[in-house]
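# Coordinate analysis (summary)
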Amino acid sequence: MALDKVHSARTWRTAHGDMTDAEWELIADLVAPDWKPGTMGRPVVVDRRRVVDAVFYVAATGCQWRALPAEYPNWNTVHRYHLAWSRDGTWEAVAQRLAAAVREREGRQAEPSAGIVDARSVRGASTVTGPTRGYDVGKKISGRKTFAITDTLGLLVAVAVVAASTSDNAGGIIVADDARGRLARFVRLWCDAGFKKAFAEHCDTVGITVEVVKRPRRAGFTVLPKRWIGERTWSWLMNSRRLQVDYERDPTVTEGFIWAAHSRYLLRRLTQPPKP
């Protein structure tokens, strides 16, 4: 009897769970099929909502694609959708819409005007090869480095995944150009001392003021102004186990996982009632 109970338990579900109806309504039009009954074209037979749930499951648990539970669509189908959504910007569009909604709910304008830039190196699996893999001498990590800009609420603004050997100046310029190219109001950045003069000079040419937040020389733990916001965002993201090791051959697909993990957090933030 006890064995029957164990066998029937739905142990495949994570603590995150699948999307609620309220969460799905926030992003359905960005990922829903274009085909409708009565129109030309091949009917869509895969439930996009279940595909999104499956990607969230992989991001949260870090499981292999082939290890997807049978309750989700075929792993190969889910994988192909994730590749497409990572490369065509769908995941980024989902995260940006949700971030704008969070900002407006907090009484801010939808587009941020300032942010914090930071980098994190992650070990690469054997599937990470070629020019997209490098060695971070400072962190002693072989793999990839993620550069990200967050706004002052800790919400992602721009993400770039590159080889771990990429300097902070080069990676910082990539995400700064991305943020400035999309957000006309974006005019200020805080960073650590790893971002050198070349980064600040480039940002100045595109209209972004850079301020270096230096670590005080006194002993003991100190919360660094503004920089702690970026560190908190990394903590949020690293709860998704798929982001703790990079397995993807294409760094754009890794970026897709980052946007997807951030989107899952934002969906919960927008739909769950605030704690008393």
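Remember, predicted model here, so these are calculated numbers, not experimental data.

## Considerations on the overall build of the chain
Helix and strand counts for the chain stand at nine helices and six strands. A globule of 276 residues ought to have a C-alpha radius of gyration of about 19 Å, and the chain, at 20 Å, matches this closely. Taking the principal axes of its C-alpha atoms as reference, the chain extends roughly 65 × 45 × 40 Å. Here the chain, with 276 residues, has 47% of them falling under the buried criterion. The averaged location of the 30 negative side-chain charges in the chain is 5 Å from the averaged location of its 42 positive side-chain charges.

## Side note on the side chain of Arg48
As for its placement among the helices and strands, Arg48 is situated in helix H3 (residues 48-61). Residue Arg48 is classed as buried on the basis of its relative accessible area of 15%. A polar contact of 2.6 Å, which involves the side chain of Arg48, links it to the backbone oxygen of Val31. With residues up to four places along the chain from it excluded, the contact list for Arg48 reads Trp24, Val31, Ala32, Pro33, Tyr81 and Trp85.

Calculation criteria
- Residues numbered from 1 in each chain as written.
- Predicted model: local features only at pLDDT ≥ 70, side-chain atom pairs only at ≥ 80, totals over all residues.
- Heavy atoms only, no water.
- Helix = DSSP H or I, 4+ residues; strand = E, 2+ residues; numbered from the N terminus.
- Rg over C-alpha atoms; globule rule 2.2 N^0.38 Å.
- Buried < 20%, exposed > 50% of the residue type's maximum accessible area, 1.4 Å probe, protein only.
- Lys, Arg positive; Asp, Glu negative; His and termini not counted.
- Charge placed at Lys NZ, Arg CZ, Asp CG, Glu CD.
- Polar contact = N/O pair within 3.5 Å; in protein donor to acceptor, adjacent residues only side chain to side chain.
- Contact = heavy atoms within 4.5 Å.

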